[in-house]
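# Residue-level structure breakdown
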Amino acid sequence: MARFTLPRDLYHGKGSLEEIKNLKGKKAIVVVGGGSMKRFGFLDRVEAYLKEAGLEVKLFEGVEPDPSVETVMKGAQMMREFEPDWIVAIGGGSPIDAAKAMWAFYEYPNTTFEDLCIPFNFPTLRTKAQFCAIPSTSGTATEVTAFSVITDYHKGIKYPLADFNITPDVAIVDPDLAETMPKKLTAHTGMDAITHAMEAYVSTLHCDYTDPLALHAIKMIHNDLIDSYNGDMAARDRMHNAQCLAGMAFSNALLGIVHSMAHKTGAAYSGGHIVHGCANAMYLPKVIKFNSKDAEAAKRYGEIARFIGLEGSSDEELVDALIAEIRSMNKKLDIPTCIKEYEGGIIDEAEFNEKLAAVAELAVGDACTGSNPRAITPAEMEKLLTCCYYDKEVDF
């Protein structure tokens, strides 16, 4: 038996933000990030719509780009004091992810972060509150997924939390919010989205319900991401839908080792964080090559390649065409080819190699590794990460 879970209601299209005034309840806490939603007036609108609906409103502001365990605990404490029956998260993936984890600690104060790190081990939610997610970026799709990523800064590790309990009740996918994204964020979130769809399509848990969502998302992103990056707002609006479809696919088919590697390299180095979407973009071509040694994975990558109009007379040729196309997209989006080139070289080579074995072992143990189409050992992961650092050919 398999399961397919989505939010109960999804409102989409320009102006759909206004739907929030139809939420029924007494109190709403609004979780938001660093200020762009306030700057562009969306936070004020959400607050006004909620008050129009008759709800008392409290704000939790300032969620950082990679939300920390400490931020989650602070938010949960505020929720316990305020006792909302709606949690509304607005912004990029970070405030929505943080709010999902806050939700668990609000309803179950005695649970531990370690408990939540075990995949599909959350307690039953909705005993105190329901959840509404409003994304402003076109990438994470956390508004429709059973996932949240929280960073333990003391350990330098990003933890993907996974449980169908944290799939939001209501998602509002209004492209007006995505039109505020800066260029670099548009590139990184877009490549995060295409990685979601590609990993979902080749996942060991893909099924008839996830495959069409993944393929259509890939085609939309392939068609629209570059134009969106270059300022075409009609393409930007379509990207907001495409990333959401990719989220529906991966939330139910799960992901693979591109995400395992991005999670475990993201906060591992003293030079700075590797932004999640950029990490995915750099690692995706290498992982496709590694996974394509599995015949079934190669066949499915070939299907993706054909679906977006690439040519080849064999699966091997189609795989190579797909890799070349992703690298071409990265180039047009000003994304580096490897970790060594990331942000002008902020990830020190000596530190990378010193931490390689530990990072590789953590990546193999990541929650996303289990559904990757080809099994991987820590030794192979070390080699694959090395290829991603130096942009070396994957030949194993």
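Going by an unreviewed UniProt entry, the protein carries the name Iron-containing alcohol dehydrogenase and comes from Lacrimispora defluvii.

So, on to helix 14 (residues 349–364). Residues three or four positions apart in an α-helix share a direction because the helix packs 3.6 residues into each turn. For helix 14, with 16 residues, the first-to-last C-alpha span of 21 Å sits near the 22 Å given by 1.5 Å per residue. Of the residues making up helix 14, those classed as buried are Glu 351, Phe 352, Leu 356, Val 359, Ala 360 and Ala 363. Where the residues of helix 14 are buried, they touch helix 10 (257–266) and helix 15 (378–390). Backbone nitrogen of Ala 350 and a side-chain oxygen of the N-cap are separated by 3.2 Å at the start of helix 14; the cap is Asp 348.

Our focus in this paragraph is the nonpolar core. If you look at the biggest cluster of nonpolar residues, it comprises 85 residues, and the most contacted ones within it are Tyr 283 and Leu 322. Per-element accounting of this core gives the leading share, 10 residues, to helix 8 (residues 211–229). When neighbours within four sequence positions are excluded, Tyr 283 is seen to be in contact with Val 258, Met 261, Ala 262, Thr 265, Ile 274, Ile 339 and Cys 388.

Moving on, we get to the pattern of salt bridges. Applying the stated criterion to the full structure yields 23 salt bridges. Two residues, Asp 391 and Arg 327, come together in a salt bridge whose shortest N-O distance is 3.0 Å. With Asp 391 in the segment after helix 15 and Arg 327 in helix 13 (residues 315–332), this residue pair connects regions lying 64 residues apart in the sequence. Here Asp 391 falls in the partly exposed class, since its relative accessible area comes to 25%. The closest approach of N and O atoms between Glu 351 and Lys 355, which form a salt bridge, is 2.7 Å. Of this pair, Glu 351 and Lys 355 both sit in helix 14, 4 residues apart, roughly one helical turn.

Taking the numbering used here, the UniProt-annotated feature "domain: Fe-containing alcohol dehydrogenase-like C-terminal" (unreviewed entry) corresponds to residues 186–386. Note that residues 186–386 is 69% helix and 0% strand, and that its end C-alpha atoms are spaced 27 Å apart.

Turning to the layout of surface pockets, a few remarks are in order. In this structure, the largest pocket spans a volume of roughly 1100 Å³. As for the largest pocket, its lining consists of 47 residues, of which Pro 65, Gly 92, Gly 93, Ser 94 and Leu 185 are closest to the centre. Looking at the lining of the largest pocket, the elements that each hand over two or more residues are helix 1 (36–39), helix 4 (93–107), strand 6 (147–152), strand 7 (157–162), helix 7 (183–202), helix 10 and helix 11 (276–291). Here the lining of the largest pocket is composed, by residue class, of 17 nonpolar, 23 polar and 7 charged.

Basis of the calculations
Residues numbered from 1 in each chain as written. Predicted model: local features only at pLDDT ≥ 70, side-chain atom pairs only at ≥ 80, totals over all residues. Heavy atoms only, no water. Helix = DSSP H or I, 4+ residues; strand = E, 2+ residues; numbered from the N terminus. Expected span 1.5 Å × (residues − 1). Buried < 20%, exposed > 50% of the residue type's maximum accessible area, 1.4 Å probe, protein only. Contact = heavy atoms within 4.5 Å. Polar contact = N/O pair within 3.5 Å; in protein donor to acceptor, adjacent residues only side chain to side chain. Core = buried A, V, L, I, M, F, W, Y, C linked by side-chain atoms within 4.5 Å. Salt bridge = Lys/Arg side-chain N within 4 Å of Asp/Glu carboxyl O. UniProt positions renumbered as here; feature names shortened; annotations may be inferred. 1 Å grid on protein atoms, 1.4 Å probe; cavity = no way out; pocket = protein on both sides within 12 Å on 5 of 7 lines; lining within 4 Å. Points joined across faces, edges and corners; volume = space filled by probe spheres on them. Nonpolar A, V, L, I, M, F, W, Y, C, P; charged D, E, K, R; others polar.

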